[in-house]
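Coordinate analysis (summary)
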Amino acid sequence: MRQEGRLWMIVILTLGILSPASPLPIFRDSLPNGLIILTYEDHRLPMVDIAFTCRSGAAADPREKAGTANLCAEMLFRGTRCLSADSIASILDFLGAWYSSGTNYDHSYLYLRVLTKDLSTGLDLVAEMVREPLFPEGEFTLARDQVLSSARRAYDYPNSVVSMEFDRLLFAGHRYALPSAGDTSTIPLITREDLIQFHQANFVPNNCFIVIVGDVDHNLIKEEVSRRFADWQPGPVKPLSAPVFYLPEKTKVKLITRPDMNQAYIHFGHPGISNLDQDILATRLMSYILGGPPLSSRMGLAVREYAGLAYDVRCWFDRRLLSGAFRATVQTTKPEEAIPKMFAEIRKMFESGANQKELLKAHNYFTGSFPLSYSSNRGKLDRLTELEIYHFGTDWLATFPDRIRKITLEEVNAAARNRLKPGRYLMVIMGNVSRDQLNLPDVEWIE
Amino acid sequence: MINLIFLFFSATLSEPIESRVFEFKLKNGLQVIGYIDSSAPVVSVNVYYRVGSYDEQPGYTGISHMLEHMSFKHTDIYKPGDFDRILDSVGAYNNGFTSTYYTGYYEQLAKDRWELALKLEAARMARCVFPDSEFESEHQVVAEERRLSDNRPTTALWEEFEATAFLVNPQRNPTIGWSVDVANFTVEKVREWYQRYYNPANAILVITGDAQPDEVKAKVEKYFGKLKGRPVSRADYYNIEPPLKGERRVTIRKRVSVPTILIGFRTPGVQDSSYVIGDVVASILGAGRASRLYRTLVLDSGFATRVSVWNSVERDPGLFQIMVTPKAESLIPNIEHLIYNELLRMAKEPVAERELLRVKNQVLANYIFSRDDISDIAWLIATSQITAGDWRHFIFQQERIQRVTPEEVLDFVKRHINPDNRVVGVLVPNQEKR
């Protein structure tokens, strides 16, 4: 059951322990090779959640081979130096484990949930999969076919199509222009060697961290992780290149005519913000007031609640390491009425800002709902992964409510002025509509 | 090197779920079930009504869902928008959802504020008013939601598939309703539905999280105790559906790049305790890489990229379903052939004990994992009570699965997973792709 062999010398550098500012049982340690270990003890149930995260995600893909990181993560479960894909699946299925792997633009991960009694086996498997994947040729071909099928399927769903088209317009030339899992044009170009190279370049301990939540003792976790990872050699990691945005002088619209559809799907926006920017929280509060909950935000009230024009209408800023997009979306049979209302709300926020009552409501929502987001083990795992990816610090969970409450109306309104660009949108519309019906004044049409 | 010894595991379960549960009933018939989990200062309040698409006749399909929308609008003490404004202002998660057998509402919020959820839900239960002036805009919202379903290719397949599988049982109707019915909703129909189904005797209140029994009893009595209860008789269609007399097939053509196959077999409902064997068969066929159909269709033949198998039974006899994503439309006949061969083999040869053990281990682990989130456990308790008449049903279900034998699996497949009991739905690309 457990890894056998020589006894590893355990060398652990403890960076932080439970601090007075952080009453939650969160512990952050690191090994000399740079691997970070985050533990959150929760002994309610005899189970453990493990997420191994590499700080390189889709943004680290070669542009012409978008999807490499995703396929690399997918292949971690499909064979190692010592275990075949069948053996790995057989062990995990027999334990009743939950497992998955994946990628977003900022990181790649491998996730496992096991009963506490199977923790040692789970950690053995994680270590073997992230350190010694074999990327067997047959498995690679199969995984690539599966990922390609999903990428093709994305074109069958209107929401995905308008989102993908918008990304192509806004992030032209950058990796963000294509979906994080890659596209039908790039996935077929990826080779097994590309995955090996991606793994060698990015899966190094100083570019990775492991989060463990549940029925564990953090001191034992340090030992267990060290035993499996202490001899892993660090390596250099290439920095990412930030996107160079295209911000048009006036709104540009791409219309995709689809006579078979009975609604228009609309996705528009402009350059956004990085999750590391100083005004990120003020911007999130502003965006929440403008287009957060469809039943109570300004946009939701104007488009859905008062006019009945759509089921879902919203806007948001991407939350990524590099600057992402500001996006607004709606699906409606009356785009000629819904779009002007959304434009008007954005302009009003840009010109006049929010008011104190709206800010108070946003403060209360953010501070009240944040603890709910980590009441389950899976929620804790997600929050710890997020705070490590974006370098928020282990006191983030404890201090987040105070940070939110300290944000003033002036800061929120400054975020509106600095981050919103009314009248300078890129927009994609798909549906059975014509330019005449849309009646959009002062826009440039993209052929 | 990992040396793993396979043993039947007896998980170190924490104390049984029953020890954390308390229940009581108000004089007006409101059934209340609590589940204590004090590990986080959070409470989940859930109200489920015994009404859903199961209760809807032609002309009314989707009306339970329409009522769910309207119930957020206006009561005699709250104005439109107040529900969300109030709950957002305390950082609560909240929503409503409509299903075949129930309509549910939930609020998850901090321990010191959960009483607020009771106050709002009591108002929803007895004090909704539906002014004409507020109906039309919400009617349009729901019509737009219905159109979203039209534009999702697999949803369109699903609707046709279920309408083909059931001739009479209301499971044939989509929860959101058929377009023509949605278009003809009136505020009078909404009022009628509310009067008929929303009252304490037709509801279950489930409270999970950091709330103690005495506190729950006092607060529930305070907000719900004075409401008037009327038992609601619910039509029972359990035995109404005539048996299939041979395969039924439906083909949908849409503008898609990737085809989909759905194969269904009618299986017993919850009144037949063998129905859980359908879950075991589904896992053997489709759960994970070692499952039989994944191996046959994805790994060995390479004809498909994805396989999912599940037994869709909530109450009445339902459908055992196999969904496959073929690599190409031309492979559909080959895929069907391989699936039917695999099913035939399963009807002839008993499954290996080890294969069965894998499934039992997965079920037991899932049972423990389901307690991680107080919303999940609330859903299990409420839906068990509504569909099987006992909140413990999900516990009995996993216990029954632990006792399933290879002979029972063989018998189940022989009786239900056969060609005369089959429905096939296929989604294929029409002429103009992308």
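Residues numbered from 1 in each chain as written. Chains lettered and ligands numbered in written order. Predicted model: local features only at pLDDT ≥ 70, side-chain atom pairs only at ≥ 80, totals over all residues. Heavy atoms only, no water.

1. Structural notes on the overall build of chain A
Just so we agree on the cut-off: Secondary structure elements follow DSSP: runs of H or I no shorter than four residues count as helices, runs of E no shorter than two count as strands, and numbering proceeds from the N terminus. Here the radius of gyration uses the C-alpha set of atoms, whereas the globule reference equals 2.2 Å times the residue count to the power 0.38. Only heavy atoms matter for contacts: two residues are in contact if any of them lie within 4.5 Å across the pair. A 1.4 Å probe and the Shrake-Rupley method give the accessible areas. Residues count as covered only by the protein chains that appear here. For this count, His and the chain ends are skipped, Lys and Arg are scored as positive, and Asp and Glu as negative. Here the site of a charge means NZ on Lys, CZ on Arg, CG on Asp, or CD on Glu.
Check the secondary structure of chain A and you find 15 helices and 13 strands. For 447 residues, the compact-globule estimate of 2.2 N^0.38 gives 22 Å, and chain A sits close to it at 24 Å. Once the C-alpha set of chain A is aligned to its principal axes, its extents read approximately 75 × 50 × 35 Å. Here the analysis covers contacts within chain A between residues at least 6 apart in sequence; of these, 79% occur between residues at least 24 apart. When the accessible surface of chain A is summed, it comes to about 16500 Å², and 53% of that surface belongs to carbon and sulfur atoms. For chain A, the separation between the mean place of its 50 positive charges and that of its 52 negative charges on side chains is 4 Å.

2. Re the interface of chain A and chain B
Note on interface size: it is often stated as the accessible area lost on association of the parts. For clarity, the threshold we go by: Take the accessible area each of two parts loses on contact, using a 1.4 Å probe, and add the two losses: that sum is the buried area. Pairs of N or O atoms are called polar contacts if they sit within 3.5 Å, as long as, within protein, a hydrogen donor faces a hydrogen acceptor (for residues adjacent in sequence, only side-chain-to-side-chain pairs). Polarity classes work like this: nonpolar for Ala, Val, Leu, Ile, Met, Phe, Trp, Tyr, Cys and Pro, charged for Asp, Glu, Lys and Arg, and polar for all others, with Gly in that last group.
Between chain A and chain B, the contact holds 74 residues from the first and 74 residues from the second. Note on chain A versus chain B: buried area summed over both sides is about 6500 Å², and carbon and sulfur give 55% of it. Looking only at chain A, the three residues that lose the most surface to chain B are Arg44, Phe94 and Leu372 of chain A, adding up to 12% of its buried area. Here chain A and chain B share 34 residue pairs in polar contact (both at pLDDT 80 or more) between them. Elements that contribute at least two residues to the side of chain A that touches chain B include exactly helix 2 (85-95), strand 6 (108-115), helix 3 (119-131), helix 4 (137-154), helix 9 (298-305), strand 11 (325-332), helix 11 (356-369) and helix 12 (377-389) of chain A. Counted by class, the side of chain A that touches chain B contains 31 nonpolar, 21 polar and 22 charged residues.

3. Looking at the packing of aromatic side chains
All names here are of chain A. Condition: Paired rings are identified among Phe, Tyr and Trp, the last through its six-membered ring, by centres lying within 6.5 Å, and are further divided according to the angle between planes into stacked (under 30 degrees), edge-to-face (over 60) and tilted (the rest). Think of it in three bands: residues with accessible area under 20% of the maximum for their type are buried, residues over 50% are exposed, and the middle band is partly exposed, with areas taken using a 1.4 Å probe on protein chains only.
Scanning all chains against the criterion turns up 38 aromatic pairs over all chains. Measuring from centroid to centroid gives 5.5 Å for Tyr288 and Phe366, while their planes differ by 85°, and the two rings are edge-to-face. Remark: Phe366 occurs in helix 11 and Tyr288 occurs in helix 8 (residues 280-291); sequence separation between them is 78 residues. Pair check on accessibility: Tyr288 and Phe366 agree, each one buried.

4. Focus: the side chain of Ser370 of chain B
Residue and element names in this part refer to chain B. With respect to the helices and strands, Ser370 occurs in the loop between helix 12 (353-369) and helix 13 (374-388). What makes Ser370 buried here is its relative accessible area of 15%. The residues touching Ser370, leaving out its near neighbours within four places in the chain, are Asp376, Ile377 and Leu380.

5. Description of the packing of helix 3 of chain A against helix 7 (residues 218-229) of chain A
All names here are of chain A. The test is simple: For every element, the axis is a line fit to its C-alpha atoms; helices are fit only across the contacting stretch, and the angle between N-to-C directions ranges from 0 to 180 degrees. Here a crossing is called left-handed whenever its near helix is offset anticlockwise from the far helix by less than a right angle, and right-handed whenever the offset is clockwise.
At a minimum axis distance of 10 Å, the contact between helix 3 and helix 7 shows a crossing angle of 35°. By crossing handedness, the relation of helix 3 to helix 7 is classed as right-handed. Every residue of helix 7 that contacts helix 3 at Leu119, Ser120, Leu123, Asp124, Val126, Ala127, Val130 and Arg131 is listed here: Ile221, Glu224, Arg228 and Phe229. Residues of the contact of helix 3 with helix 7, tallied by class, amount to seven nonpolar, one polar and four charged.

6. Focus: the sheet that holds strand 10 (residues 318-326) of chain B
All names here are of chain B. To keep it simple, the criterion reads: Strand pairing requires that DSSP identify at least two bridges connecting the strands.
Overall, mixed pairing links the five strands, which are arranged 7-11-8-10-9 in an open sheet. On the outer flanks of this sheet lie strand 7 (248-254) and strand 9 (304-312), each paired with one strand and no other. Direction aside, neighbouring strands of the sheet carry axes that sit 15° apart on average. Examined bridge by bridge, strand 9 and strand 10 share eight bridges and lie antiparallel to one another. Across the sheet, the residue bridging to Ala304 is Pro326, located in strand 10. Helix-sheet contacts for helix 10 (residues 292-300) involve strand 9 and strand 10, and the interaxial angle to strand 9 is about 155°.

7. Overview of the environment of Val32 of chain B
All names here are of chain B. Mapped onto the secondary structure, Val32 falls in strand 2 (residues 31-36). Under the relative-accessibility criterion, Val32 is labelled buried at 0%. Sequence separation of Val32 and Asn46 is 14 residues, and the distance between their C-alpha atoms is 9.9 Å. Ignoring anything within four residues of it in the chain, the contact list for Val32 reads Phe22, Glu23, Phe24, Leu205, Val216 and Val220.

8. Focus on the sheet that holds strand 5 (residues 103-110) of chain B
All names here are of chain B. Pairing in this open sheet of six strands is mixed, and the strands run 1-2-6-3-5-4 from one edge to the other. In this open sheet, the two edge strands, each paired with only one partner strand, are strand 1 (21-25) and strand 4 (93-98). Neighbour-to-neighbour, the strand axes of this sheet turn through a mean angle of 15°, independent of strand direction. Across five bridges, strand 1 lies against strand 2 in antiparallel orientation. Across the sheet, Val21 pairs through a bridge with Tyr35, a residue of strand 2.

9. Structural notes on the packing of helix 8 of chain A against helix 10 (residues 335-352) of chain A
Residue and element names in this part refer to chain A. The condition is simple: Geometric relationships in this document are graded by angle, where less than 35 degrees denotes roughly parallel, more than 145 denotes roughly antiparallel, 65 to 115 denotes roughly perpendicular, and other angles denote oblique.
Running from N to C, helix 8 and helix 10 point in directions that differ by 140°, and their axes come no closer than 10 Å. The orientation of helix 8 relative to helix 10 falls into the category oblique. Both helix 8 and helix 10 take part in a crossing whose hand is right-handed. Together, Met286, Ile289 and Leu290 of helix 8 and Glu345, Ile346 and Met349 of helix 10 make up the contact between the two elements. Classifying every residue of the contact of helix 8 with helix 10 gives five nonpolar, no polar and one charged.

10. What about the pattern of salt bridges?
Under the convention used in this document: A pair is scored as a salt bridge if a Lys or Arg side-chain nitrogen falls within 4 Å of a carboxyl oxygen belonging to Asp or Glu.
Evaluation of the coordinates by the stated rule reveals 80 salt bridges over all chains. Its salt-bridge partner being Glu224 of chain A, residue Arg228 of chain A comes within 2.7 Å of it at the nearest N-O pair. Taken together, the residues Arg228 of chain A and Glu224 of chain A, both in helix 7 and four residues apart, mark about one turn of the helix. Since its relative accessible area comes to 4%, Arg228 of chain A is described here as buried. Glu224 of chain A gets classed as buried once you look at its relative accessible area, which sits at 15%. A cluster of three or more residues bridged by salt bridges with shared partners is formed by Asp42, Arg44, Asp49, Arg113 and Lys380 of chain A together with Asp37 and Asp372 of chain B.

11. Quick word on helix 13 (residues 396-405) of chain A
Burial in helix 13 of chain A covers these residues: Trp396, Leu397, Thr399, Phe400, Pro401 and Ile404 of chain A. Check the buried side of helix 13 of chain A and you find it contacts strand 2 (26-30), strand 3 (36-41), helix 8, helix 11 and helix 12 of chain A.

12. Things to note about the confidence of the model for chain B
Atomic detail in the predicted coordinates should be set aside for any region of low pLDDT. Residues and elements named next belong to chain B. Note the following rule: Looking at any residue, its pLDDT shows the predictor's confidence there, from 0 to 100.
Mean pLDDT over chain B: 94, with 96% of residues reaching 70 or higher. Ignoring residues within four places in sequence, the model shows residues 1-13, a span with pLDDT below 50, making 34 contacts including any to other chains. Taken over the whole predicted complex, pTM reads 0.92, whereas the ipTM for its chain interfaces reads 0.90.

13. Thoughts on the confidence of the model for chain A
Considering every residue of chain A, the mean pLDDT works out to 93; 95% of them sit at 70 or more. Low confidence marks residues 1-22 of chain A, where pLDDT is under 50. Its contacts with residues over four positions away, or in another chain, come to 45 contacts.

14. A word on helix 15 (residues 406-416) of chain B
Residue and element names in this part refer to chain B. Selection rule: Note: the arc covers the axis-to-C-beta directions of the helix.
Among the residues of helix 15, Pro406, Val409, Leu410, Phe412, Val413 and His416 are the ones counted as buried. Seen along its axis, helix 15 keeps its buried residues to an arc of 165°; they face one direction. Of the residues in helix 15, the exposed ones pointing more than 90 degrees away from the buried face are Glu407 and Lys414. Looking at the buried side of helix 15, the elements it contacts are strand 8 (260-267), helix 9 (277-286), helix 11 (332-348) and helix 12.

15. Remarks on the pairing of strand 10 of chain B
One face of the sheet, then the other: side chains in a regular strand alternate in exactly this way. Residues and elements named next belong to chain B. The element strand 10 is extensively covered by neighbouring structure, given that eight of its nine residues are classed as buried. In the sheet, strand 8 pairs with strand 10 via seven bridges, with the strands oriented antiparallel. Of the residues in strand 10, the one forming a bridge with Ile261 is Val324. The turn linking strand 9 back onto strand 10 is made up of five residues.

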